[in-house]
Amino acid sequence: MEQKIAVKVDDLTVAYNYKPVLWDIDLEIPEGVLMAIVGPNGAGKSTLIKAILGILKPIAGSVSIYEKPYEKQRSLVAYVPQKGSVDWDFPTTALDVVMMGTYGSLGWIKRPGQKEKKAALEALEKVGMLPFKSRQISQLSGGQQQRIFLARALVQDASIYFMDEPFQGVDATTEIAIINILKELRKAGKTVIVVHHDLQTVPEYFDWVTFLNVKKIATGPVKDIFNDDNLTKTYGINYKVSIQE
Amino acid sequence: MSNAQIEIQLIASLVAIACAIPGTFLVLRKMAMISDAISHSILPGIVVGFFITQDLNSPLLILLAALTGVITVVLVERIQKTGLVKEDTAIGLVFPALFSIGVIMIAKNANDVHLDVDAVLLGELAFAPFDRLFISGTDVGPKSLWIIGSILVITVGLLIAFFKELKVSTFDAGLAASLGFSPALIHYGLMTVSSVTTVGAFDAVGAILVVALMIAPAASAYLLTTDLKKMLGLAIVFGVLSAISGYWFAHWLDASIAGSITTMLGVLFLIMYLFAPSKGLIAVIYREKQQRIEVSLLTFLLHLRNHDDERERHVNHLNEHINWQKVRSKTVLDLALKNNMIDINNKIVSLTSKGDEFTSQAIDYIITNEDAQIEDMKDDFFLFRG
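All values reported here derive from a predicted model rather than from experimental measurement.

### Examining the overall build of chain B
What chain B contains, in helices and strands, is 14 helices and 4 strands. For chain B, long-range pairs separated by at least 24 residues make up 65% of all intrachain contacts whose partners lie at least 6 apart in sequence.

Laid out in structure tokens, this is it:
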């Protein structure tokens, strides 16, 4: 049976000040995979996600989500930015941040109501943060802040989830809690794409992987392509990872 | 109070409200200096607008001058984007250049324009009631009041309509973009409102006070609340309070109204900076002192747990063993007793079961850095309040 393609990237090139950070990327992400994007610092991992989501404008190439441009498919996509990209001293509560996930379906001007609040509370419950709903976000630990971001993505009830380093600066318990939720999403037929740093955990957490270093090195099932050859090509040094069976 | 006095206070209050609203978002976006740039660089816009309209209160002049404000923002961003200078440098380059063009234009045409540099910097609030608006011959009040009133109505309307969009794009521009709320559109919308407000308030309060009215109330409110709506509300209240108290301060001193209002804004911020309940300087110092004591307490409890030997747990020996002075030892001992964490029998100190449990939890927390375990302890101790 032919698997549906959730995200298709064609000849994508992105530059900052005319210096390419992503060069001619072709990528097909099948529906229902839990995929890691790995690569060294400055490889363009976050940039790839931002370009797919239209946050950055590519200088060449195109992106489609289920065969249509992203602008027409926003409601199918949820995004978790890097935790460090926002100011956690912003005067707002955990619940309010999660509610922001509902803004997309509301569109301009319309305000969130009881239905949106209920959805946000359910998402908080799912990530184990319901007791913290009224807490100001600066009063949360790094792991809790990441869970709030995850809840905000869950509330969007999307088909495809993009997450930029969701495990950065979180404790071990939170990491396990997050990966379990991601695995549940996959089980429900969602596609999950994660920028990931810890190569050791790739085989354990993910079933699909993309190696990226300005250019795409390889993409495919972890069991087929997560090997020393591709790691060396991506990281430029003789990289060896013991793959746990 | 005379009519003129009431009108002046009303104008000052409306200006304060109109400034506090965009000001709150500028402060949260860390763009306070942009308002300084806008307030100065709209000067050439006002002068050119005056040449064209010959009326300082014409809506066209306001739009022209506001456009200069937006151009300022664009220029700053352009220069910054080259990567050759940082944002604050770009601001420092753009607005003095534009402002000086305005100053030269005023000086060259001093006879034609009833604008002078003093008025530009400090405003002429005291004269605002003299310039009246007549509708078919009837006096309906000072022109400034109508201008700033109209701007305020538009600002409040936009705030109510786009509150959610402003909030999400200010907090997380990346998310806003992915949801389809163009952060650039909202950014320039906010810049336009800030520019229009600045121009509208300019005539009444001048370039320097406009900045103070945008930033100081929002910065004071930020120290008091963790809720965006409350922050907006408090900023408005602080702005109006400063405007009215500043007016009477000036009345009493027989001095500049604009200067007095700005002084009041400064005093208000200083009070909040010192006395705000959780973010104020005094609260922070108090909290740090508490934390020091509690770290000592924990050290003390840990010492008790690690030593079964009675000699190590004798009250007198503790001073020497943990190497503290008398006062500190006593404070810590009292704190531990008060919380039922220790027993003292014949001057031998021992942990109670509560003390033992507390110590284990605290150590666990410090080692694993997991918050969930110490939720219940947070109320009793400052140490874990982050």
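### Observations concerning the sheet that holds strand S9 (residues 215-221) of chain A
All names here are of chain A. Taken in spatial order, the 6 strands make up an open sheet running S5-S6-S7-S3-S8-S9, and their pairing is mixed. Of all the strands in the sheet, the pair left with one neighbour each is strand S5 (77-80) and S9. On average, each strand axis in the sheet is tilted by 15° relative to the strand beside it, whichever way the strands run. Of the pairings in the sheet, the one linking strand S3 (residues 34-38) to strand S8 (residues 208-213) comprises 4 bridges and is parallel in character. Each bridged residue has a counterpart across the sheet, and for Val38 the counterpart in S8 is Phe211.

### What to know about the interface of chain B and chain A
Counting residues at the interface gives 34 residues for chain B and 37 residues for chain A. Contact between chain B and chain A buries roughly 3000 Å² in total, counting both sides, with carbon and sulfur atoms accounting for 61%. Where chain B touches chain A, the interface holds 3 salt bridges. Salt-bridge contacts for Asp96 of chain A lead to Lys167 of chain B; the nearest nitrogen and oxygen are separated by 2.8 Å.

### Concerning the domain arrangement of chain B
All names here are of chain B. In terms of domains, chain B is made up of domain 1 (3-279) and domain 2 (282-381). Of note, the centres of domain 1 and domain 2, computed from C-alpha atoms alone, are 53 Å apart. Note on domain 1 versus domain 2: buried area summed over both sides is about 310 Å², and carbon and sulfur give 53% of it. Of all residues in domain 1, the largest losses of buried area upon contact with domain 2 belong to Leu274, Phe275 and Ser278, amounting jointly to 71% of the total for that side. At the boundary of domain 1 and domain 2, one finds 0 salt bridges. For the interface between domain 1 and domain 2, the tally reads 2 residue pairs in polar contact (both at pLDDT 80 or more). Looking at the side of domain 1 that touches domain 2 residue by residue, the classes come out as 4 nonpolar, 1 polar and 1 charged.

### Focus: helix H11 (residues 281-306) of chain B
Between its terminal C-alpha atoms H11 of chain B stretches 37 Å, which fits the 38 Å expected from 26 residues at 1.5 Å a residue. Among the residues making up H11 of chain B, those that are buried are Ala283, Gln290, Ile293, Glu294, Ser296, Leu297, Leu298, Phe300, Leu301, His303 and Leu304 of chain B.

### Examining the confidence of the model for chain B
Mean pLDDT over chain B stands at 86; residues scoring 70 or higher make up 90%. Scored as a complex, the prediction yields pTM 0.88 and ipTM 0.90.

### A short note on the side chain of Thr191 of chain A
All names here are of chain A. Checked against the element boundaries, Thr191 lands in strand S7 (residues 191-195). Taking relative accessible area as the criterion, Thr191 reaches 0% and is therefore assigned buried. Once residues lying within four places of it in the same chain are set aside, the contact partners of Thr191 are Ala6, Ile29, Pro30, Glu31, Gly32, Val33, Tyr66, Ser159, Ile160 and Tyr161.

### Observations regarding a negative patch on the surface
Residues and elements named next belong to chain A. A cluster of like negative charges, contributed by Asp11, Asp24, Asp26 and Glu28, occupies part of the molecular surface. Considering each element in turn, the negative patch owes the most residues, 3 residues, to strand S2 (residues 19-30). By secondary structure assignment, the location of Glu28 is in strand S2.

### Structural notes on a nonpolar patch on the surface
Judged by side-chain polarity, Met1, Ile6, Ile244 and Trp248 of chain B come together as a nonpolar surface patch covering roughly 380 Å² of accessible area. Here Met1 of chain B is to be found in the segment before helix H1 (3-28).

### Concerning the pattern of salt bridges
Close approach of charged atoms lets side chains of opposite charge pair. Summed over the entire model, instances satisfying the criterion amount to 12 salt bridges over all chains. A salt bridge links Asp207 of chain A to Arg186 of chain A, with the shortest nitrogen-to-oxygen separation between them at 3.1 Å. On the criterion of sequence distance, the pair formed by Asp207 of chain A in the loop between helix H7 (202-205) and S8 and Arg186 of chain A in helix H6 (residues 172-187) is long-range, its members being 21 residues apart. In the salt-bridge network here, residues are joined through shared partners; they are Glu7, Arg132 and Asp139 of chain B.

### Considering the nonpolar core
Counting residues in hydrophobic clusters, the biggest one holds 147 residues, and the most contacted among them are Tyr161, Leu182 and Val209 of chain A together with Leu125 of chain B. It is helix H8 (residues 183-222) of chain B that provides the largest number of residues to this core, a total of 20 residues. When near neighbours in sequence (up to four residues on either side) are disregarded, Val209 of chain A contacts Met35, Ala36, Val38, Val202, Ala218, Thr219, Gly220, Val222, Ile225 and Phe226 of chain A.

### With respect to H6 of chain A
Residues and elements named next belong to chain A. Here H6 contains 16 residues, and its C-alpha end-to-end distance of 23 Å stays within 8% of the 22 Å for a straight helix at 1.5 Å per residue. By the burial criterion, the buried members of H6 are Thr174, Glu175, Ile178, Ile179, Ile181, Leu182 and Leu185. Along the long axis of H6, the arc covered by the buried residues comes to 155°, so they all point the same way. Exposed residues lying more than 90 degrees from the buried face of H6 are Ala172, Glu184 and Lys187. Looking at the packing, one finds that the buried side of H6 touches S3, helix H4 (114-126), helix H5 (142-154), strand S6 (160-164), S7 and H7.

### Let's talk about the sheet that holds strand S1 (residues 5-16) of chain A
Residues and elements named next belong to chain A. The 3 strands are arranged S2-S1-S4 in an open sheet whose pairing can be described as antiparallel. Looking at which strands have only one partner, the edges of the open sheet turn out to be S2 and strand S4 (60-65). Adjacent strand axes in the sheet meet at a mean angle of 15°, parallel and antiparallel pairs treated alike. Pairing between S1 and S4: 5 bridges, direction antiparallel. Counted as the bridge partner of Lys8 is Ser64 from S4. Packing of helix H1 (residues 45-52) onto the sheet brings it into contact with S1, S2 and S4, and relative to S1 it is tilted by some 115°.

Cut-offs applied
Residues numbered from 1 in each chain as written. Chains lettered and ligands numbered in written order. Predicted model: local features only at pLDDT ≥ 70, side-chain atom pairs only at ≥ 80, totals over all residues. Heavy atoms only, no water. Helix = DSSP H or I, 4+ residues; strand = E, 2+ residues; numbered from the N terminus. Contact = heavy atoms within 4.5 Å. Pairing = 2+ DSSP bridges. Axes fitted to C-alpha atoms, helices over the stretch in contact; angles between N-to-C directions. Buried area = accessible area lost by both parts, 1.4 Å probe. Salt bridge = Lys/Arg side-chain N within 4 Å of Asp/Glu carboxyl O. Domains from an automatic or database assignment. Polar contact = N/O pair within 3.5 Å; in protein donor to acceptor, adjacent residues only side chain to side chain. Nonpolar A, V, L, I, M, F, W, Y, C, P; charged D, E, K, R; others polar. Expected span 1.5 Å × (residues − 1). Buried < 20%, exposed > 50% of the residue type's maximum accessible area, 1.4 Å probe, protein only. pLDDT = per-residue confidence, 0-100. Patch = residues over 30% accessible without salt bridge, like charges linked within 9 Å, V, L, I, M, F, W, Y side chains within 5 Å. Areas by Shrake-Rupley, 256 points an atom, 1.4 Å probe, with all protein chains shown as cover. Lys, Arg positive; Asp, Glu negative; His and termini not counted. Charge placed at Lys NZ, Arg CZ, Asp CG, Glu CD. Core = buried A, V, L, I, M, F, W, Y, C linked by side-chain atoms within 4.5 Å. Arc of directions from axis to C-beta.

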